[in-house]
Structure formats: C-alpha cells, structure tokens
Amino acid sequence: MGHTLIIKNMVCARCKSTIVDLLTRHGLDIESITLGKAVVKQDFNPKYDVIKSELKDLGFELIEDESKALIEQIKVLVIQFISENTSEPIISKITKAIGKNDSAISKLFSKSEGLTLEKYIINLKIEKVKEYIQLNQLNFSEIAYQFNYNNSSHLAKQFKSVTGMSMTDYKKLQDWDRKALDQIV
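Novice: How should I be thinking about the overall build of the protein in this particular structure?
Specialist: A tally of helices and strands in the protein yields nine helices and four strands. Ordered by position in the sequence, the α and β elements of the protein form the string β-α-β-β-α-β-α-α-α-α-α-α-α. In terms of its C-alpha atoms, the protein occupies a principal-axis envelope of roughly 55 × 40 × 25 Å. Within the protein, contacts between residues at least 6 apart in sequence are counted, and of these 58% link residues at least 24 apart. In the form shown here, the protein has an accessible surface area of approximately 10600 Å², with 48% of it arising from carbon and sulfur atoms. Computing the positive centroid from 26 side-chain charges and the negative centroid from 24, the protein places the two 5 Å apart.

Novice: Mind showing me how you'd approach the packing of aromatic side chains here?
Specialist: Working definition: an aromatic ring pair is given by the centre-to-centre distance plus the angle between the planes. A full pass over the atoms with the stated rule returns three aromatic pairs. Centroid distance Phe 109 to Tyr 120: 5.1 Å. Interplanar angle 50°. Geometry classified as tilted. You can see Phe 109 sitting in helix 5 (residues 102-113) and its partner Tyr 120 sitting in helix 6 (residues 117-135), a full 11 residues away along the chain. Since its relative accessible area comes to 0%, Phe 109 is described here as buried. For Tyr 120, a relative accessible area of 1% corresponds to the buried category. Centre to centre, the rings of Tyr 132 and Phe 147 are 5.1 Å apart; their planes meet at 75°, and the pair counts as edge-to-face. Note that Tyr 132 is positioned in helix 6 and Phe 147 in the loop between helix 7 (140-146) and helix 8 (152-163), a separation of 15 residues in sequence. The ring of Tyr 149 has Lys 125 lying over it, and the distance from NZ or CZ to the ring centre is 5.0 Å.

Novice: It is not clear to me how the layout of surface pockets should be interpreted in this structure. Could you clarify?
Specialist: A probe matching the size of a water molecule, rolled over the atoms, marks out where space remains unfilled. The space that makes up the largest pocket amounts to roughly 220 Å³. Within the residue set of the lining of the largest pocket, elements represented by two or more residues are helix 3 (66-82), helix 4 (90-98) and helix 6.

Novice: Can you help me understand the sheet that holds strand 2 (residues 30-34) in this one?
Specialist: Strand pairing in a sheet is mediated by backbone hydrogen bonds. Such pairs are either parallel or antiparallel. Strands sit in the order 2-3-1-4 across an open sheet of four strands; the sheet is antiparallel. Edge strands, defined here as strands with exactly one partner in the open sheet, are strand 2 and strand 4 (61-63). Within this sheet the neighbouring strands show an average axis-to-axis angle of 25°, counted without direction. The pairing of strand 1 (residues 3-8) with strand 3 (residues 37-40) spans four bridges and is antiparallel. Looking across to strand 3, one finds that Thr 4 is bridged to Val 39.

Novice: Whenever I open this one, the pattern of salt bridges confuses me. Can you help?
Specialist: Pairing between side chains of opposite charge can happen when the charged atoms of each approach one another. All told, the structure shown has seven salt bridges when counted by the stated rule. Close ionic contact of Lys 130 with Glu 127 constitutes a salt bridge, the shortest N to O distance being 3.1 Å. Taken together, the residues Lys 130 and Glu 127, both in helix 6 and three residues apart, mark about one turn of the helix. Each of the two residues, Lys 130 as well as Glu 127, counts as buried. The shortest N-O distance in the salt bridge between Glu 131 and Lys 128 comes to 3.2 Å. Of the two residues, Glu 131 and Lys 128 are both situated in helix 6; the distance of three residues between them amounts to about one turn of the helix. A relative accessible area of 25% means that Glu 131 is categorised as partly exposed.

Novice: Please clarify how the nonpolar core should be interpreted in this entry.
Specialist: Most often, soluble globular proteins keep nonpolar side chains buried together rather than apart. Counting residues in each nonpolar core, the largest one holds 31 residues, and the members touching the most others are Ile 74, Val 78, Ile 94, Leu 117, Val 129 and Leu 155. Elements represented by at least two residues in this core include exactly helix 3, helix 4, helix 5, helix 6, helix 7, helix 8 and helix 9 (167-172). No other element matches the eight residues that helix 3 contributes to this core. Formed by 15 residues, the second largest nonpolar core is a distinct cluster that contains Ile 7, Cys 15, Phe 60 and Leu 62.

Quick notes on the rules
- Residues numbered from 1 in each chain as written.
- Predicted model: local features only at pLDDT ≥ 70, side-chain atom pairs only at ≥ 80, totals over all residues.
- Heavy atoms only, no water.
- Helix = DSSP H or I, 4+ residues; strand = E, 2+ residues; numbered from the N terminus.
- Contact = heavy atoms within 4.5 Å.
- Areas by Shrake-Rupley, 256 points an atom, 1.4 Å probe, with all protein chains shown as cover.
- Lys, Arg positive; Asp, Glu negative; His and termini not counted.
- Charge placed at Lys NZ, Arg CZ, Asp CG, Glu CD.
- Phe/Tyr/Trp six-rings, centres within 6.5 Å; stacked < 30°, edge-to-face > 60°.
- Buried < 20%, exposed > 50% of the residue type's maximum accessible area, 1.4 Å probe, protein only.
- Lys NZ or Arg CZ within 6 Å of the ring centre and 35° of its normal.
- 1 Å grid on protein atoms, 1.4 Å probe; cavity = no way out; pocket = protein on both sides within 12 Å on 5 of 7 lines; lining within 4 Å.
- Points joined across faces, edges and corners; volume = space filled by probe spheres on them.
- Pairing = 2+ DSSP bridges.
- Axes fitted to C-alpha atoms, helices over the stretch in contact; angles between N-to-C directions.
- Salt bridge = Lys/Arg side-chain N within 4 Å of Asp/Glu carboxyl O.
- Core = buried A, V, L, I, M, F, W, Y, C linked by side-chain atoms within 4.5 Å.

Geometric values such as these leave the question of function open.
This is how it looks when you write it as structure tokens:
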C-alpha cells in the first residue's frame, strides 16, 4: 500500500504536473495523483525533509495534521465541484465524498479557516465568475446558469456584496483584481 501525501495549494493540472516532476526526480513511484493528494508506492521517509523543503520553495505545503488535511481536501473538492454544473448543493457533494455530516464539516472548516464553508464557496464562485467575465465568452445570464444561480440578478447581488461593485463595472475595469483559487481564505 502506498503512502499518501496531502499537499496544500495543489489546485490545478499544472500544479499536479509540478508535483509529479518533483516526486519522480526523487525516485518515487507515483501510484495516483489528484488535486491536493499524491500517493507514492514506496516509503519516502529518508527524503521527507528534502521533499518538504522543495515543495515549500515551489509554493506548496506538505500537510501532516489530520484536521488540516481534511480542510485541504474540502477546499480541493469545492474547487472541483464548482466547475461541475449540477443542481446538487456543493456541501451535499462534499459530505458524500468525505463521509462526514455537513454540520461536522462546517464546524471544522469555520474553526480552522475563520469563515464559514458557505462563505468560502461563495468567494470561490465569485472568483470564477470574474474569470468568466474576463473571458467575455458568456453573458451574465449564461454565467449565472453555469454556476447554478437561480437568475442573473441573484448572482449580481452576490457579486456586488463580495466585490463592492457591479458585474458591469467589473467588466469595464482595465486592471482586474482576481485572487488565485489557492489564495482564497
């Protein structure tokens, strides 16, 4: 059985590629890799400190605490589920994936991150909405549909509440203020 590495800030395919390169360079055989998690086939203890240091230099963090690992898993799932256009609430999907009830997950997340899981999901959605506005491929109604809002006015209200400006005003900006998904919270 492999050894699992939970890695903070591994939130995209490019991140996964970087981790694969680092681990294989150290002679580790990767059993599987998903966002936020890599499983290696052999013991990596002799190289642990070196790998941990190199991960940090690349902007990642090896997570050793079980609670922090669960938080990172939740964050990765939120990013993954936001991209899926389903009507099932994200928190319900997370509870199914993790196998814990939503109350326990929400309490742990709030205690660890200082904001509710619901607010974190909204913040991530708004950052993704900003990306869609910048791409200029969909109108506001289509963007609202993409992120499962009931209508574009609901999205518009939430966007203004989070950013302090309307989506139209944001679209007119020359210098878009966007956060990387791993920098939210």
